[in-house]
Amino acid sequence: MFSPIDPNFFWARALPPAMHIPDGFLSVAVSMVLWLATIVLLAVAVRKTQGQLGERQIPLMGVMAAFIFAGQMINFPVAGGTSGHLLGGALAAIVLGPWAGMIVMAAVIGLQGLLFQDGGLLVMGANIFNMGLLTVLIGFGLYRSVASRSQGVRLAVAGVAAWLSVMAGAFSTALQLWLSDTSPLAVVMPAMMGIHALIGIGEALITVAAIAFILRVRPDLLGTEKVKAQGGWGWVAAGLALSLAVILLSPWASANPDGLERVAEDIGFIQQGLNAPYQVLPGYTVPGLGESALSTIIAGAIGALVVAGLAVGVGRLLKNQSPAAPASETGQP
């Protein structure tokens, strides 16, 4: 943790942990089953969004991808020397609907693994399933049930949905660790659920704050109000600028181990994690700049822009695959 006046601020810092499931924690069989489940759900998401995305949804996918990527770089402290970070699945589902939300989350988590070596390659299907698909389904299902209610009710349910999405991801991960013979269920399940119950509170607060902000400045983006003839592309630029501003805060992220890493250390299977077979921007740093704040900020900015472009590119590809349908058919609440 460094202050802005620290002369070493841009040249030395403790990196925040980036602990999606690494290769080695799950068995090959469990990893393959999760890849299959992920591919099936993403195939459904692709089919549901083909020709269904309007001109508003596509840039919004890019903005949400960049913001969720940036948010996941900010580890916040919780009890017991542990940290957590935003997952963002519930937020993506509420803003984009379930199918576009799944595609955005898959883009974020996939990019993290491929470009930043955050999470293993063999277990990437499990990471996408746990953090990007389950969270979206839970977030959308709960929020849609109160989409026509007052803003207070919707915000409260959004917070509950975000908390439950974190708990669902932790529950699924614990089951996978048990099925992989990595840890006994009676040990890993209460450990994962206990620490993620606290992390989920942070997820809920961030999600509610983001939804409240959108409801105040651009409620039409949630599909709950008539679209306003204003803003043009200004809101896209503002959203990307906000994402980059969040990345500027990443040097102040908690350096404590996150929920899964803490459980792995406490139970004793942390050593089973395997390093990635290659490195591009490892640990959210730029080769040549070392493990510095400047390195992390530049790497994060690259990641946010790349994932935004990826989400927009996929959205445009899907939009052009069949005749466009009305925006009301996108699956948004």
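What counts and how
- Residues numbered from 1 in each chain as written.
- Predicted model: local features only at pLDDT ≥ 70, side-chain atom pairs only at ≥ 80, totals over all residues.
- Heavy atoms only, no water.
- Helix = DSSP H or I, 4+ residues; strand = E, 2+ residues; numbered from the N terminus.
- Buried < 20%, exposed > 50% of the residue type's maximum accessible area, 1.4 Å probe, protein only.
- Contact = heavy atoms within 4.5 Å.
- Phe/Tyr/Trp six-rings, centres within 6.5 Å; stacked < 30°, edge-to-face > 60°.
- Salt bridge = Lys/Arg side-chain N within 4 Å of Asp/Glu carboxyl O.
- Core = buried A, V, L, I, M, F, W, Y, C linked by side-chain atoms within 4.5 Å.
- Expected span 1.5 Å × (residues − 1).
- Bend = angle between axes of the 7 residues up to and from the residue.
- Axes fitted to C-alpha atoms, helices over the stretch in contact; angles between N-to-C directions.
- Parallel < 35°, antiparallel > 145°, perpendicular 65-115°, else oblique.
- Left-handed = near helix turned anticlockwise from the far one by under 90°.
- Nonpolar A, V, L, I, M, F, W, Y, C, P; charged D, E, K, R; others polar.
- pLDDT = per-residue confidence, 0-100.
- Patch = residues over 30% accessible without salt bridge, like charges linked within 9 Å, V, L, I, M, F, W, Y side chains within 5 Å.
- Areas by Shrake-Rupley, 256 points an atom, 1.4 Å probe, with all protein chains shown as cover.

**Some points on the overall build of the protein chain**
So, step 1. Along the backbone of the protein chain there are 10 helices and two strands.
So, step 2. Traced from its N-terminal end to its C-terminal end, the protein chain shows the element sequence α-α-β-β-α-α-α-α-α-α-α-α.
So, step 3. Taken across its 333 residues, the protein chain has 55% of its residues classed as buried.
So, step 4. The long-range fraction of contacts in the protein chain, counting pairs at least 24 apart against all pairs at least 6 apart in sequence, stands at 80%.

**Some thoughts on the packing of aromatic side chains**
So, step 1. For the structure shown, the criterion picks out four aromatic pairs.
So, step 2. Taking the centre distance of 5.5 Å and the plane angle of 40° together, the rings of Phe69 and Phe116 count as tilted. Here the residue Phe69 occupies a position in helix H2 (residues 57-72), and Phe116 occupies one in helix H4 (residues 98-116), the gap between them amounting to 47 residues.
So, step 3. You can call Phe116 buried: its relative accessible area is 1%.
So, step 4. Plain terms: the ring middles of Phe69 and Tyr284 are 6.2 Å apart, the flat faces sit at 50° to each other, and that makes the pair tilted.

**Here's the deal with unusual backbone geometry**
So, step 1. One non-glycine residue with positive phi stands out, namely Gln117, at about 55°.
So, step 2. Mapped onto the secondary structure, Gln117 falls in the loop between H4 and helix H5 (124-144).
So, step 3. A residue is classified by how much of its surface remains accessible, and Gln117, at 17% relative accessible area, is buried.
So, step 4. Positive phi, normally seen in glycine, also occurs at Tyr284, with a value near 60°.
So, step 5. Secondary-structure assignment places Tyr284 in the loop between helix H9 (259-267) and helix H10 (293-319).

**Some details on the pattern of salt bridges**
When their charged atoms lie close together, side chains carrying opposite charge are able to pair.
So, step 1. The final tally for this structure, using the stated rule, is three salt bridges.
So, step 2. Here Arg262 ties to Glu265 by a salt bridge, and the two come within 3.6 Å at their closest N and O atoms. With Arg262 and Glu265 both in helix H9 and three residues apart, the pair spans about one turn of that helix.
So, step 3. Here Asp266 and Arg262 are joined by a salt bridge, their closest N and O atoms 3.9 Å apart.

**A few points about the nonpolar core**
So, step 1. By size, the foremost hydrophobic cluster in this structure holds 87 residues, and its most contacted members are Met61, Phe69, Val95, Leu96, Phe116, Ile211 and Leu222.
So, step 2. No other element matches H4, which puts 13 residues into this core.
So, step 3. Met61 has contacts with Leu53, Leu96, Ala100, Ile103, Val104, Ala311 and Gly315, leaving out every residue within four places of it along the chain.

**A look at helix H7 (residues 185-217)**
So, step 1. Look at H7: 46 Å from first C-alpha to last across 33 residues, which is about the 48 Å you get at 1.5 Å a residue.
So, step 2. Its maximal kink placed at Ala197, H7 deviates by approximately 30°.

**A look at the packing of helix H8 (residues 234-248) against H10**
So, step 1. At a closest axis distance of 9 Å, the pairing of H8 and H10 adopts a crossing angle of 150°. Between H8 and H10, the angle falls in the class roughly antiparallel. For the element pair H8 and H10, the recorded crossing hand is right-handed. In this structure, H8 contributes Leu240, Leu244, Ile247 and Leu248 to the contact, and H10 contributes Ile297, Gly300, Ala301, Ala304 and Ala308.
So, step 2. Looking at side-chain class alone, the contact of H8 with H10 contains eight nonpolar, one polar and no charged residues.

**Considerations on the side chain of Thr38**
So, step 1. Along the chain, the position of Thr38 falls in helix H1 (residues 28-49).
So, step 2. The exposure class assigned to Thr38 is buried, which follows from its relative accessible area of 1%.
So, step 3. Among all residues touching Thr38, those that are not within four sequence positions of it are Gly125, Ile128, Phe129 and Leu133.

**Digging into the confidence of the model for the protein chain**
So, step 1. The share of residues in the protein chain with pLDDT of 70 or more is 88%, and the mean pLDDT across the chain is 87.
So, step 2. The least confident element of the protein chain, judged by mean pLDDT, is H8 at 91; the most confident is H1 at 97.
So, step 3. Residue range residues 1-18 is modelled with pLDDT below 50. Its contacts to residues more than four positions away, or to other chains, number 46 contacts.
So, step 4. Below pLDDT 50 for its whole length, residues 224-231 participates in 17 contacts with residues either more than four positions away or in separate chains.

**Here's the deal with a nonpolar patch on the surface**
So, step 1. On the surface, Val160, Trp163, Leu164, Leu198, Ile201 and Leu205 cluster together to form a nonpolar patch covering roughly 510 Å² of accessible area.
So, step 2. Considering the arrangement of structural elements, one finds Leu164 in helix H6 (residues 151-179).

**Here's the deal with the environment of Asn256**
So, step 1. Positionally, Asn256 belongs in the loop between H8 and H9.
So, step 2. Residues Asn256 and Thr82 lie 174 residues apart in sequence; the distance between their C-alpha atoms is 5.2 Å.

**Topic: the side chain of Ser31**
So, step 1. Looking at the secondary structure, you find Ser31 in helix H1.
So, step 2. Given the relative accessible area of 0%, Ser31 is considered buried.
So, step 3. With residues near it in sequence (within four places) discarded, Ser31 still touches Leu26, Leu122 and Val123.

**A short note on the environment of Ile195**
So, step 1. Assignment of secondary structure puts Ile195 in helix H7.
So, step 2. Residues Ile195 and Ser83 lie 112 residues apart in sequence; the distance between their C-alpha atoms is 9.3 Å.
So, step 3. In this structure, Ile195 is in contact with Val78, Ala79, Thr82, Gly259 and Val263, ignoring residues within four places of it in sequence.

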